[in-house]
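# Inside the fold
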Amino acid sequence: MGTVQYRPQTPLFIPLSPSGILHSDMKRRISILGSTGSIGTQTLDVIRDHPDVFEVVGLAGYRNLDLLNQQIEEFRPLLASAGEPNPQLNGDSGCRWSPEYLEGLTEVATLDEADTVVVATVGAAGLVPTLAALRAGKNVALANKEVLVMGGDILMAEARRLNRPIIPIDSEHSAILQCLQGESSHTIEKIVITASGGPFREWDVERIRRANIDEALNHPTWSMGKKITVDSATLLNKGLEVIEAHHLFDIDVDRIEVVIHPQSIIHSMVEFNDGAVIAQMGVPDMKVPIQYALTVPDRLPRRDPTLDLAALRQLTFDQPDFEKFPCLRMAFEACRKGGGYPAVLSVANEVSVDAFLNKRIPFGAISELIEAALEHHKDPSHLDFEAILQIDSQTRTFVNQRLTDKSNLQPSHPG
Ligand code: NAD
Ligand code: MG
């Protein structure tokens, strides 16, 4: 029997209130970063369903001002911010407006009246405000996985130091958290993260290389923002989730396994040292893990469709193909190397996916650009928060240079 390396006492297991949310007189006061996105709007759906339990105090949007204005009118937050200075607010909502974009995001993340901050921004945008939220004593409910991929070591150390929880919204990590409730952490043998396999699961390598935008955005089981949908097609999303799980559950990457499960019914599993495997199941609906992140360790009712296993008839599983999906391989390698490599992986991907969505590169060039950025990276001897921000900017510069140097890239695809 090998020794178990899992260390107990991650901040995840701190109960959010001694008697649980259902028995509290106080409403949970929530700020949402990225309120106009897929996770942001579904968080507001959950809040709308339970007005006696939740209250919105801060909203940060970006470009979709019409939707942000509607949200401000409906939820009447105390503070709002957007991706441009001094945007027009409808009517007299009583909402204070944070005039500057980046400062605004951090102002919403640290608002005095908030006890929980939902980080539903995408890419590196959530990094600085998430750290600020922790330091301001907030509970962080995190969807923006790139934040942990880039700064996991620093953020988790800060969360432990400050005794603040980082609660996952990602369905796989919510599943793992649910499987771990009441368990003793030293008995964990491994974590098994499920993946739908994305739209190209059964395609050959050449066809995947030439895939167009519509094909990449055609996810078989989940409806999500564009960036994560493309990440699900390259399987980098699963790679980011492996790194996210490594940080959240303080578990060695070699104890994390990915299994392809096209039906997306089992959201992830934990295997224990006696051979027992606990899985969390349900229809694919992000409102379930979002709500759990806001109520853990309690639960609130939901009226959405429930799981009908007899109608489904079968659940299937397969191994991931690391040759066909090099992004998943690179994510495991970056996690093993540690240091700044996961940040390079994430940022190179962010820039490449944006280029793909703007029809500047073919689908196959996403993994090539990530590989080039990882090869080019020289890891600093000391990795603090400043160093992560520097890696972010260096990686952006490197990939953007590659993008302007047309000779490195294949011609753009038509779709
Ligand atoms: P999305 O694109 O639908 O929404 C992103 C939100 O962030 C929007 O409100 C947008 O206005 C805002 N935003 C974008 N760029 C910004 C910037 N530079 N500064 C400030 N705000 C910015 O994305 P999404 O699908 O909601 O995903 C959000 C995060 O949650 C991602 O990290 C994703 O990987 C993760 N996640 C999403 C899902 C899902 O079902 N959508 C599931 C699991 C995890
Ligand atoms: Mg996920």
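Parameters at a glance
Residues numbered from 1 in each chain as written. Chains lettered and ligands numbered in written order. Predicted model: local features only at pLDDT ≥ 70, side-chain atom pairs only at ≥ 80, totals over all residues. Heavy atoms only, no water. Helix = DSSP H or I, 4+ residues; strand = E, 2+ residues; numbered from the N terminus. Rg over C-alpha atoms; globule rule 2.2 N^0.38 Å. Buried < 20%, exposed > 50% of the residue type's maximum accessible area, 1.4 Å probe, protein only. Contact = heavy atoms within 4.5 Å. Areas by Shrake-Rupley, 256 points an atom, 1.4 Å probe, with all protein chains shown as cover. Pairing = 2+ DSSP bridges. Axes fitted to C-alpha atoms, helices over the stretch in contact; angles between N-to-C directions. Domains from an automatic or database assignment. Buried area = accessible area lost by both parts, 1.4 Å probe. Salt bridge = Lys/Arg side-chain N within 4 Å of Asp/Glu carboxyl O. Polar contact = N/O pair within 3.5 Å; in protein donor to acceptor, adjacent residues only side chain to side chain. Near = heavy atom within 4 Å. Nonpolar A, V, L, I, M, F, W, Y, C, P; charged D, E, K, R; others polar. 1 Å grid on protein atoms, 1.4 Å probe; cavity = no way out; pocket = protein on both sides within 12 Å on 5 of 7 lines; lining within 4 Å. Points joined across faces, edges and corners; volume = space filled by probe spheres on them. Donors = N, O, S within 2.8 Å, 3.2 Å for Na, K, Ca; no water.

### Things to note about the overall build of the protein
In terms of regular secondary structure, the protein is built from 16 helices and 11 strands. The globule rule puts the C-alpha radius of gyration for 415 residues at 22 Å, and the 21 Å found for the protein is close to it. Counting only C-alpha atoms, the protein reaches 55 × 55 × 50 Å along its principal axes. Expressed as a percentage of its 415 residues, the buried residues of the protein come to 56%. Contacts spanning at least 24 positions in sequence make up 69% of the contacts within the protein whose residues lie at least 6 apart. With the model as given, the accessible surface of the protein reaches about 18100 Å², and the carbon-plus-sulfur share is 48%.

### Things to note about the sheet that holds strand S7 (residues 166-168)
In spatial order, the strands read S4-S3-S2-S1-S5-S6-S7; together these seven strands make up an open sheet with parallel pairing. At either margin of the open sheet sits one strand with a lone partner, and together these are strand S4 (96-97) and S7. Of the pairings in the sheet, the one linking strand S3 (residues 79-81) to S4 comprises two bridges and is parallel in character. Bridging from a neighbouring strand, Ala80 pairs with Trp97 of S4. Lying over the sheet, helix H4 (residues 127-135) contacts strand S1 (28-33), strand S5 (116-119), strand S6 (139-142) and S7, oriented at roughly 150° with respect to S6.

### Remarks on the domain arrangement of the protein
Parsing the protein into structural domains produces domain 1 (21-169) and domain 2 (185-285 + 319-409). Tallying the contact residues gives 21 residues for domain 1 and 27 residues for domain 2. Summing the contributions of domain 1 and of domain 2, the shared interface buries around 1900 Å²; its carbon and sulfur component is 69%. Interface area lost by domain 1 to domain 2 is led by Lys145, Val149 and Met150, which between them contribute 34%. Joining domain 1 to domain 2, the criterion identifies three salt bridges. Here Lys145 and Glu241 are joined by a salt bridge, their closest N and O atoms 2.9 Å apart. On inspection of domain 1 and its partner domain 2, the count reaches four residue pairs in polar contact (both at pLDDT 80 or more). Mapped by element, the contributors of at least two residues to the side of domain 1 that touches domain 2 are helix H1 (38-49), H4, helix H5 (145-162) and S7.

### Notes on helix H11 (residues 287-295)
Most of H11 sits inside the fold, with eight of its nine residues counted as buried. What H11 keeps buried is the set Lys287, Pro289, Ile290, Gln291, Tyr292, Ala293, Leu294 and Thr295.

### Considering the site of ligand 1
Near ligand 1 there are 22 residues, and of these Thr36, Ile39, Tyr101, Glu146 and Gly225 occur at the shortest range. One of the backbone nitrogen or oxygen atoms of Gly34 is found 3.2 Å away from an oxygen atom of ligand 1. Within the contact set of ligand 1, an oxygen atom lies 2.9 Å away from a backbone nitrogen or oxygen of Ile39. Protein chains shield 88% of the accessible area of ligand 1, which is 820 Å² for the free molecule. Among the secondary structure elements, those contributing two or more residues to the shell around ligand 1 are H1, helix H3 (101-109) and H5. Here the shell around ligand 1 is composed, by residue class, of 11 nonpolar, eight polar and three charged. Split by domain, the shell around ligand 1 shows at least three residues from each of two domains, domain 1 (21-169) and domain 2 (185-285 + 319-409).

### Remarks on unusual backbone geometry
With an omega dihedral of 5°, the bond running from Val296 to Pro297 counts as a cis peptide bond. Secondary-structure assignment places Pro297 in the loop between H11 and helix H12 (309-312). In the Ramachandran plot, Asp250 falls in the positive-phi region, its phi being about 50° despite a non-glycine side chain. Within the secondary structure, Asp250 sits in the loop between helix H10 (236-248) and strand S9 (256-260). Taking the relative accessible area as the measure of exposure, Asp250 reaches 18% and is therefore buried. Of note in this structure, Ser264 is not a glycine but carries a positive phi near 50°.

### Quick word on the layout of surface pockets
By volume, the second largest pocket amounts to about 380 Å³. Surrounding the second largest pocket, 23 residues form its lining, Gln280, Met281, Val288, Arg299 and Arg302 being those nearest its centre. Among the secondary structure elements, those contributing two or more residues to the lining of the second largest pocket are helix H6 (171-180), strand S11 (277-281) and H11. Here the element with the most residues in the lining of the second largest pocket is H11; it accounts for five residues. A per-class count over the lining of the second largest pocket returns nine nonpolar, nine polar and five charged.

### Considerations on H6
Of all 10 residues in H6, 10 are buried, a share of seventy percent or more. The inward-facing, buried residues of H6 contact S7, strand S8 (188-195), H10, strand S10 (266-272), S11 and H11. Within two residues after H6, Gly182 carries a phi angle of roughly 80°, on the positive side.

### Re the coordination of the magnesium ion (ligand 2)
Here the magnesium ion (ligand 2) is held by Asp170 (OD), Glu172 (OE) and Glu241 (OE), and the distances to it run 2.1 to 2.2 Å. Counting the intervening residues between successive donors of the magnesium ion (ligand 2) yields the motif D-x1-E-x68-E. Under the relative-accessibility criterion, Asp170 is labelled buried at 8%. Owing to a relative accessible area of 8%, Glu172 belongs among the buried residues under this scheme.

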